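Summary of structural features
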Amino acid sequence: MTALPSAFASPRLRAALLRLAAVAGLLLAGAAQAAPPYSGTIYLTPNLITAADPTEYVSARYIGQAPRQMFDRRVNAFVVYNAFVFDVAFANGYHVEAQVNPEFGSPAAAYAEVDYYARVIGRLPRALRTHVATLWLHRGDQPFGGGNNNLLIHTGSYAADYIARGILEETLAHEATHTSIDPNHAATFGWLMAQAWDREYLSTYARDNPTREDLAETFLMWLAVRHGMARIPPDVAYNVLTTVPNRLAYFDQLRPDLAPYVYTHP
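Going along each chain's sequence as written, the residues are numbered from 1 onward. Local features in a predicted model are, by the rule used here, given only for residues with pLDDT of at least 70; side-chain atom pairs are given and counted only at 80 or more, and totals for whole chains, interfaces and linings are based on all residues. Each side-chain value is derived from all of the structure's non-hydrogen atoms; neither hydrogens nor water enter the calculation.

**Some details on unusual backbone geometry**
Of note, the bond from Ala259 into Pro260 is cis; its omega dihedral lies within 30 degrees of zero at 0 degrees. Numbering of helices and strands runs from the N terminus; a helix is a DSSP stretch of H or I covering at least four residues, while a strand is a stretch of E covering at least two. By the element assignment, Pro260 lies in the loop between α10 (245-254) and α11 (261-264). Located in the positive-phi region is Asn76, a residue other than glycine, with phi close to 55 degrees. With respect to the secondary-structure elements, Asn76 resides in the loop between β2 (57-72) and β3 (77-90). By relative accessible area, Asn76 is classed as exposed at 59%. Partly exposed residues are those whose accessible area sits between 20% and 50% of the maximum for their type, while under 20% is buried and over 50% is exposed, using a 1.4 Å probe and protein chains only.

Shown next as structure tokens:
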């Protein structure tokens, strides 16, 4: 559930922006910062995106086995595997390469995993898939990850828990935000100022990791209150709208492409 290491902004520029935002936050903080209302946002809206929603996944074509460098959380390192490789096609001519750990045993078993998760990924708004070039699929009891133009999936107990709770789509939306939104926005002056003006955080996860997790924690809830109000509890909607209005306004002005989600939730 965390972003993988990335270098989407120069350290010097990022440090300067963070200092400026910190100063702005101090100037604006007329009251003590309230405790975040939630621990994490992926748990709040299990019905925001569901298996009944449309998907833009089209097909997965097996290419063969080939060496691929893949991040594996079980060893917390990049490892070269002789992966099962698939070309995954989505609507609008978009393609992703799925790289599957050979531990799954056969192309058929690997295809079953790719087909399942690609179908879910196809339900995410296009704006969350624009930077996704590869999928890494492993077994193992580890959380998902995003960043590096990739989505990382471990199919063990964490995935089973996401599925059981009905938050598989929401978890992948969070990780895809790391992949497709973070690189161009997490270090911008506009985003940092929105954080400073709001002063509060939606979750302790965002508060404790403001430069790494706040954007992903917030984008999912922006999608909820702007395009999924009928699917979320009223108290959640209220907390989101009143806690981070400037962050919501930041996403509003981006006007991201939300197909296919927006087709059913305008």
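And the narrative resumes.
**Brief notes about the pairing of β3**
Pairing of β2 with β3 involves 14 bridges; the strand directions are antiparallel. Following the sheet pairing, Gly64 is matched in β3 by Val85. Between any two strands, pairing holds if DSSP finds at least two bridges. The turn linking β2 back onto β3 is made up of four residues, and Asn76 within it adopts a positive phi angle of 55 degrees. Strand direction decides the pairing type here: β3 and strand β4 (residues 94-100), joined by seven bridges, are antiparallel. Bridge pairing in β4 links Val85 to Gln99. The turn joining β3 and β4, which pair antiparallel and follow one another in sequence, is formed by three residues; a positive phi near 70 degrees is taken by Asn92.

**Details of helix α9 (residues 234-243)**
For α9, the full list of buried residues reads Val236, Ala237, Val240 and Thr243. One side of α9 holds all its buried residues, which, seen down the axis, span an arc of 155 degrees. For α9, the exposed residues lying more than 90 degrees away from the buried face are Pro234 and Tyr238. Should any heavy atoms of two residues lie within 4.5 Å, those residues are considered in contact. Next to the buried residues of α9 lie α6 (189-198), α8 (214-227) and α10. What the arc describes is the spread of directions from the helix axis to the C-beta atoms.

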